[in-house]
Amino acid sequence: MKVLERRKDYICVEIYRTLFSIYGKVKCPLFYRTPFQLLISVILSAQCTDERVNKTVSGLFAKYPDSMALSEADVNEIEKIIKPIGLYKIKAKNIINAAKKLNEEFGGEIPETIEKLTELPGVGRKTANVIISHLFDGYGFAVDTHVNRVLNRIGIVNTHNPYKIEMLIMKLMSHESLGNFSLLLIMHGRNTCLARTPKCPDCAINNLCRKRL
DNA sequence: ATCCCGAGGG
DNA sequence: CCCTCTGGAT
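Calculation notes
- Position numbers for residues start from 1 in each chain and track the written sequence from start to end.
- Whichever chain is written first is A, and whichever ligand is written first is 1; the rest continue in order.
- Only residues with pLDDT of at least 70 get local features here, since the model is predicted, and only at 80 or more are side-chain atom pairs given and counted; chain-wide, interface and lining totals rely on the full set of residues.
- Derived side-chain values reflect all non-hydrogen atoms in the structure, with water molecules and hydrogen atoms excluded from consideration.
- These domain boundaries are the output of an automatic or database domain assignment.
- Elements are defined by DSSP. Helices are runs of H or I of four residues or more, strands are runs of E of two residues or more, and each kind is numbered from the N terminus.
- Multiplying 1.5 Å by the helix residue count minus one yields the expected span of that helix.
- Relative accessibility decides the category of a residue: with a 1.4 Å probe and only protein chains considered, values under 20% of the type maximum give buried, values over 50% give exposed, and everything between is partly exposed.
- Throughout this document, a residue counts as near a molecule or strand when at least one of its heavy atoms sits within 4 Å of that molecule or strand.
- Two N or O atoms form a polar contact when they lie within 3.5 Å of each other; inside protein one atom must be a possible hydrogen donor and the other a possible acceptor, and for residues adjacent in sequence the pair counts only when both atoms belong to side chains.
- Note on residue classes: Ala, Val, Leu, Ile, Met, Phe, Trp, Tyr, Cys and Pro are nonpolar, Asp, Glu, Lys and Arg are charged, and everything else, Gly too, is polar.
- Centre distance within 6.5 Å is the pairing criterion for rings of Phe, Tyr and Trp, where only the six-membered ring of Trp is used; planes under 30 degrees apart are then read as stacked, over 60 as edge-to-face, and the remainder as tilted.
- Residues qualify for a patch when their relative accessible area is over 30% and they have no salt bridge, like charges being joined within 9 Å and the nonpolar side chains of Val, Leu, Ile, Met, Phe, Trp and Tyr within 5 Å.
- All accessibility values rest on the Shrake-Rupley procedure with a 1.4 Å probe; residue burial counts only the protein chains present in the view.
- By convention in these notes, a salt bridge is any Lys or Arg side-chain nitrogen within 4 Å of a carboxyl oxygen on Asp or Glu.
- Residues scored as charged are limited to Lys and Arg (positive) and Asp and Glu (negative), so that His and the chain ends carry no count.
- Note that the charge is assigned to NZ on lysines, CZ on arginines, CG on aspartates and CD on glutamates.
- In what follows, a contact means two residues having at least one pair of non-hydrogen atoms within 4.5 Å.

*Asks:* Can you help me understand the domain arrangement of chain A in this one?
*Replies:* Interface size is often expressed as the accessible area that is lost when the parts come together. Along its sequence, chain A is carved into domain 1 (3–27 + 140–208) and domain 2 (35–122). Measuring from the centre of the C-alpha atoms in domain 1 to the corresponding centre in domain 2 gives 28 Å.

Shown next as structure tokens:
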């Protein structure tokens, strides 16, 4: 391994240690009772706060708790329910079609690989990694807007391409910690390394950061 | 005016 | 690489 990558490896582990000492094992911020409900919640979470997703899906799951019920739902009805989440027309269509595809092609079960998960409408690589890491103890590293921003600010990565970021972190970190590392970076991004005005003086890892204020 | 656990299309 | 889809909070 190159010298440069070894330094990033070391910094990554230090970041993980420090954030873990603050947040520990982070539980899933999204509400769900079943794997199907996790799938739907993660699809709906695009460009929306998880808090708002949680408020909205409680009503959605009360009427449509599983893939059979949702697959037979009326699009307009779903649009009304999930409207506060935003991007509601695409998402309404996507979750209904995802439910149909689950029933027709996957036997009603949530697939366990990124390749199969991304065949579902509305499921991209980030969503698939979240599902994998939560449901199957998989090694997915989900790169969302927080992970992207924090890693670029620190200087671990120098690209905003989520796939490239995922591949680099996969090389640097032990795979069993990838899921929690993603969640730790999200917590840090939400609480301290804010998008608009980061709280650098209060940041626990500002000694490891290239762009600390 | 900017951001939120993005995806899909051009 | 770019753009659009979208409402709610700050």
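From this point, things continue past the structure.
*Asks:* Would you mind going over helix H11 (residues 178–191) with me for this structure?
*Replies:* Compared with an ideal rise of 1.5 Å per residue, which puts 14 residues at 20 Å, H11 spans 20 Å between its outermost C-alpha atoms and is within 8% of the ideal. Along H11, the positions that sit buried rather than exposed are Leu178, Gly179, Asn180, Phe181, Ser182, Leu183, Leu184, Leu185, Ile186, Met187, His188 and Gly189.

*Asks:* Sorry, what's going on with the protein's contact with DNA strand B here?
*Replies:* Every one of the 26 residues lining DNA strand B counts as a neighbour, but Pro29, Gly122, Thr127, His146 and Arg196 are closest to it. A breakdown of the atoms of DNA strand B within 4 Å of the protein gives sugar and phosphate a share of 68%. In the model, a phosphate oxygen of DNA strand B is placed 2.8 Å from a nitrogen or oxygen of the Asp50 main chain. Those elements that place two or more of their residues in the surface near DNA strand B are helix H8 (125–135), helix H9 (145–154) and H11. Per-element accounting of the surface near DNA strand B gives the leading share, 4 residues, to H8. Looking at the surface near DNA strand B residue by residue, the classes come out as 11 nonpolar, 8 polar and 7 charged.

*Asks:* Honestly, the packing of aromatic side chains in this entry has me stumped. Any pointers?
*Replies:* The final tally for this structure, using the stated rule, is 3 aromatic pairs. Relative to Phe181, the ring of Tyr16 lies with its centre 5.8 Å away and its plane at 55°, an arrangement referred to as tilted. You can see Tyr16 sitting in helix H1 (residues 3–23) and its partner Phe181 sitting in helix H11, a full 165 residues away along the chain. Comparing Tyr16 with Phe181, the two get one shared label, buried. Following the ring pairs from residue to residue traces out a cluster consisting of Tyr16, Phe20, Phe141 and Phe181.

*Asks:* Where do I start with a negative patch on the surface in this structure?
*Replies:* Residues Glu104, Glu105, Glu115 and Glu119 make up a contiguous surface patch of negative charge. With respect to the helices, strands and loops of the structure, Glu105 is situated in helix H6 (residues 88–105).

*Asks:* Explanation requested: the pattern of salt bridges in the structure shown.
*Replies:* Inspection of the entire model under this criterion finds 4 salt bridges. The salt bridge partner of Arg17 is Glu14, with a shortest N-O separation of 3.4 Å. Taken together, the residues span about one helical turn, with Arg17 and Glu14 both in helix H1 at a distance of 3 residues. For Arg17, a relative accessible area of 53% gives the class exposed. Residues Lys63 and Glu77 are paired through a salt bridge, measuring 3.0 Å at the closest nitrogen-oxygen approach. Taken together, the residues span a long stretch of sequence, with Lys63 in helix H3 (residues 50–63) and Glu77 in helix H5 (residues 75–82) at a distance of 14 residues.

*Asks:* What am I meant to see in the side chain of Arg153 here?
*Replies:* Note on placement: Arg153 falls in helix H9. Buried charged residue Arg153 carries no salt bridge. Nearest counter-charge: Asp144, at 12 Å. When residues no more than four places from it in sequence are discounted, the contact partners of Arg153 are Cys193, Leu194, Ala195, Pro198, Cys209, Arg210 and Lys211.

*Asks:* Got a minute to help me understand the side chain of Asp50 in this structure?
*Replies:* Position of Asp50 among the secondary structure elements: in helix H3. In this structure Asp50 comes out as buried when scored by relative accessible area, which is 18%. Other than its neighbours up to four places away in sequence, Asp50 contacts Pro29, Leu30 and Arg190.

*Asks:* How should I be thinking about unusual backbone geometry in this particular structure?
*Replies:* As a rule of thumb, non-glycine residues mostly have phi less than zero, and peptide bonds are mostly trans rather than cis. Here Gln47, not a glycine, exhibits a phi torsion of approximately 55°, which is positive. Relative to the elements of secondary structure, Gln47 occurs in the loop between helix H2 (35–44) and H3. Its identity is not glycine, yet Leu87 carries a phi of approximately 50°, on the positive side. Mapped onto the secondary structure, Leu87 falls in the loop between H5 and H6. Leu87 gets classed as partly exposed once you look at its relative accessible area, which sits at 49%.

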